[in-house]
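# Observations on the model geometry
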Amino acid sequence: MLEITRDDFSIDEIVQKIKTEDIGAIVSFIGIVRGKSNGKNVNKLEFEAYKKMAILQLKNIRAETFRKFNVNQIAIVHRIGSLKVSDNILLIVVGATHRDEAFKACRHVLERLKKTLPIWKKEFTPEKSYWIEGETHGKDA
Amino acid sequence: MKILVKFFASCRELCGKTREQFQLQDKATLRDLRNVVMSMHPILENMRAYLLISLNETFVTEQTELKEGDVVAFFPPVSGG
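Here the residue numbering is sequential within each chain, running from 1 through the sequence in written order. Starting at A for chains and at 1 for ligands, labels are handed out in the order in which the entities are written. Only residues with pLDDT of at least 70 get local features here, since the model is predicted, and only at 80 or more are side-chain atom pairs given and counted; chain-wide, interface and lining totals rely on the full set of residues. Derived side-chain values reflect all non-hydrogen atoms in the structure, with water molecules and hydrogen atoms excluded from consideration.

## Here's the deal with helix H1 (residues 11-18) of chain A
Residues spaced three or four apart along an α-helix face the same direction, because each turn holds 3.6 residues. All names here are of chain A. Looking at H1, one finds that the buried residues are Ile-14, Val-15 and Ile-18. Projection of H1 onto a plane perpendicular to its axis shows the buried side chains occupying an angular sector of 100°, all on one side. Projecting away from the buried face of H1 at angles above 90 degrees are the exposed residues Asp-12, Glu-13, Gln-16 and Lys-17. For this analysis, residues touch if any pair of their heavy atoms sits within 4.5 Å. The helix and strand labels rest on DSSP assignments: H or I over at least four residues marks a helix, E over at least two residues marks a strand, and numbering proceeds from the N terminus. Elements that come into contact with the buried residues of H1 comprise strand E2 (25-32), strand E6 (71-79) and strand E8 (88-96). Think of it in three bands: residues with accessible area under 20% of the maximum for their type are buried, residues over 50% are exposed, and the middle band is partly exposed, with areas taken using a 1.4 Å probe on protein chains only. The directions from the helix axis to the C-beta atoms form the arc being described.

Here's what the structure looks like:
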C-alpha cells in the first residue's frame, strides 16, 4: 500500500493488511503535526505534493528497501492538504520475519522519503506562514 | 519543441503560476531550459543553488537532452514526512 492522500489513515486497518503468516514483527512510524516549531506556536501545516512523481518515488523507495533488507511487507501513507496540530501526517509500516530487519527498514524508508519524496510543508504560525525547505539538494535522489 | 514546465511550493508562489509552456530548439538540454526559465522568472535566481528539477517525474542530470512533450518540474528541496 503506497498512498498520497488528503484523508486520515487507520493504523489498525493497515497493520491488519500487513499481517500474514510469515510476519513475526511489525514496526511502524507515525509522523504528527507538532504544536511548536523552533519555539514558535504552530497553528497548522499545509502539505503540497507533486503527486505523480511522489507515487513513483514511493515505489522506488519500497523497491530499494526490499533489496537492502530482509522484510516482507511495506506500507507508506503520506497525507497532503491542511493539517492541524496533532493530526497524522505520515505512516510507515514494515512487516518482517524478525524485529531487527523491520526496525532498520522502517528507519531507511523514513530517511529516504525525507530526502527524495516531492512533498513540501508550509508552516502557519499566528504571525505568518513560510515554506519549510529540506536540506537535501537532490543528489541522493 | 514544446516543453511543459510545472512549478511547486515556493517556486510556484514566486512565479505566480503552476505551469507554463516553453518553446525550445531541438537538442536543447535541461540546463538550456533552466536558463530560459530563469530569464523569464529572475525571481528564481536566489534559489538557483538548491533548486531541484525533474524530467518526466524522474531526477536526471542537467546534460539530459529534452524531447517534444517532455514534462519538467521546478521545486525547492523536499520537506515531507
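## What about the sheet that holds E8 of chain A?
All names here are of chain A. Pairing is mixed in the open sheet, where four strands are placed in the order E1-E6-E8-E2. Two strands close off the open sheet at either side, each with one partner strand: strand E1 (2-5) and E2. Neighbouring strand axes in the sheet, compared pairwise and without regard to direction, differ in orientation by 10° on average. Whether two strands pair comes down to DSSP finding at least two bridges between them. Inspection of the sheet shows E2 paired to E8 by eight bridges, in the antiparallel sense. Bridged to Ser-28 within E8 is Val-93. Inter-axis angles, ranging from 0 to 180 degrees, are taken between N-to-C directions of lines fitted to C-alpha atoms, where helices are fitted over the stretch in contact. Contacts from H1 reach E2, E6 and E8 within the one sheet, and its direction differs from that of E8 by about 20°. Across the sheet, helix H2 (residues 51-68) lies against E1 and E6, angled at about 150° from E1, the strand it touches most.

## With respect to the side chain of Glu-20 of chain B
All names here are of chain B. Tracing the backbone shows Glu-20 in strand E2 (residues 19-23). In this structure Glu-20 comes out as buried when scored by relative accessible area, which is 13%. Polar contacts, as used here, are pairs of N or O atoms within 3.5 Å; protein pairs need one atom able to donate a hydrogen and one able to accept it. Residues neighboring in sequence count only if both atoms are side-chain atoms. In terms of polar contacts, Glu-20 uses its side chain to reach the side chain of His-41, at 2.6 Å. The residues touching Glu-20, leaving out its near neighbours within four places in the chain, are Ile-3, Leu-4, Val-5, Phe-7, Met-40 and His-41.

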